[in-house]
Amino acid sequence: MNYPLQHPIRNYDPVELRRLDVAHHLPAQADYGVIRDMGGSRIVTRAEGCSFWDIDGKEYLDGMAGLWCVGVGYGRTELAEVAYRQMLELPYYNTFFKTANVPAVELAAKLAGIIGGDLQHIFFNSSGSEAVDTMFRLVRYYWKLKGEPWRNIFIARRNGYHGSTVAGASLGGMSAMHAIGMLPVAGIEHVMQPYHFGEGFGEDVEAFCNRAVQDIEDRILAVGPHNVAAFVGEPIQGAGGVIIPPESYWPKVEALCRKYGILMVCDEVINGFGRTGTWFGHTTYGVKPDIITMAKQLSSGYAPISATAVSSEIVEVLREKGGDFVHGFTYSGHPVACAVALANLAIIEREGLVERTGTDTGPYLAQALKRLEGHPLVGEVRSKGLLGAVEIVAEPGTNKRFGGKEGKAGPIVRDACIENGLMVRGIRDSIVMCPPLIISHEQIDRMVDTIAKSLEDAWPKLKAIV
Ligand SMILES: *Cc1c(COP(=O)(O)O)cnc(C)c1O
């Protein structure tokens, strides 16, 4: 790996920056009262490899790869150079009205090759949410062109995450996101999530799996199979707390979709590009979706970009029966973002990061997490590839939560981890990790050991929860 020789040193004034943050900046997904009371956000200034530093000079091991995205790690000179060269050659041009650019076409062809099978057509945007919105509008348009406009209902899972736009937040099954205002929009049905630890504790895994799949079928029958446009789900739920479904869940969902002629959509925004140990979550589970959405590791976060890959059957209908697909964004197919994504995919391939996650670091993480298994605060550890979670419980051998309610213990343990120099997320009562794909064995050990130490540090506070 090649890091820049020297980081630009700037003379930051931490106190003033935090003051300005409170006075003028509204960060994403935050409680602005809390940020005001803590005197400003944590300000991150630089990063290298699997670590980043805040403005006070404190180093963190990045157990979250930024926000599930920095697969190739920080400090890749190569990606900066590609962006620089592309900006000089063609910094911007749109893809509206019969126009394309070189990196967009090349990236579409590259992705089609990686994905293989029938998903050979790619629509680019700047964020995962936009990839989901594109899918949402495209699916309804497709059924309309097919002469079945009544087929417009989407089925998604409770506690799924599909972004933060109106359509994305609606498809997602996060009640807190719905609660801030009149979501979900009409035409979306939420069904059971395949969360065995939370919703099937002690139940035979296969019986639980059948129950989750049956819930989908029941809903399909309740709204009328001919009215259902698509089933949408993340192969492994990420933001919902790294919910890893039973092995047979996705093949059974696929069979259900085929039975009723419903499109199957896999949201690969987190799962994609090696995260689960193969190129995509759907390849890990051996199913063939009609549409997939991608973002995050597509560019390792070095540039904002997302992609929606669509089957030839859908594109054929658009070509034969459609007029303009009146959808798209100013930055759809942005040449700099596409060039960066191409170079990022080249790194992933050259360094064998997908295979490494599948056969080396993924199994190593699973093994390391087992060290936490006997801990009295730990109800379950689970992982797939380099996605992992540790469930915090109030009583060993149960799924009982501190304070009798999910979501009280997680933030306390998470804060202890951050204090101890490890960035992880606390999703309800799970400590969740998604490190860069370049993480070493030594860093995996450090991550797990820091969680162990943080459980000890947090214990007194956990006991004080009523
Ligand atoms: C992050 C995420 C999104 C939204 O992506 P943004 O780039 O934040 O808009 C959509 N789907 C899944 C599965 C995600 O994890």
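Keep in mind that this is a model prediction, so the values were computed, not measured.

> Before we go on, may I ask you to explain the domain arrangement of the chain in this structure?
Put simply, an interface is often sized by how much accessible area is lost when its parts join up. Along its sequence, the chain is carved into domain 1 (42-72 + 352-463) and domain 2 (79-350). A separation of 26 Å is found between the C-alpha centroids of domain 1 and domain 2. Counting residues at the interface gives 37 residues for domain 1, matched by 35 residues for domain 2. Both faces combined, the contact of domain 1 with domain 2 buries some 2700 Å², and carbon together with sulfur accounts for 63% of it. It is Trp68, Val354 and Lys384 that lose the most area in domain 1 upon contact with domain 2, and together they represent 25% of the buried surface on that side. In this structure, the connection of domain 1 to domain 2 is made through 1 salt bridge. Of the charged contacts in the structure, one is a salt bridge between Glu247 and Lys384, with a shortest N-O distance of 2.7 Å. The interface formed by domain 1 and domain 2 contains 16 residue pairs in polar contact (both at pLDDT 80 or more). Listing elements by their share of the side of domain 1 that touches domain 2, those giving two or more residues are α3 (65-68), α15 (353-369), β11 (378-384), β12 (387-392) and β15 (430-433).

> When you look at unusual backbone geometry in this model, what are you seeing that I'm missing?
Glycine aside, residues mostly have negative phi angles, and peptide bonds mostly take the trans form. Of note, the bond from Leu183 into Pro184 is cis; its omega dihedral lies within 30 degrees of zero at 0°. Topologically, Pro184 is positioned in the loop between α8 (175-179) and β6 (188-191). Notably, Phe97 is not glycine yet its phi reads approximately 50°, a positive angle. Its location among the elements puts Phe97 in the loop between α4 (77-89) and α5 (102-115). Take Phe97: its relative accessible area is 73%, and that puts it in the exposed class. At Val242, a residue that is not glycine, the phi angle is positive and equals roughly 50°. Among the secondary structure elements, Val242 is positioned in the loop between β7 (228-233) and α11 (249-260).

The rules behind these values
- Residues numbered from 1 in each chain as written.
- Predicted model: local features only at pLDDT ≥ 70, side-chain atom pairs only at ≥ 80, totals over all residues.
- Heavy atoms only, no water.
- Domains from an automatic or database assignment.
- Contact = heavy atoms within 4.5 Å.
- Buried area = accessible area lost by both parts, 1.4 Å probe.
- Salt bridge = Lys/Arg side-chain N within 4 Å of Asp/Glu carboxyl O.
- Polar contact = N/O pair within 3.5 Å; in protein donor to acceptor, adjacent residues only side chain to side chain.
- Helix = DSSP H or I, 4+ residues; strand = E, 2+ residues; numbered from the N terminus.
- Buried < 20%, exposed > 50% of the residue type's maximum accessible area, 1.4 Å probe, protein only.

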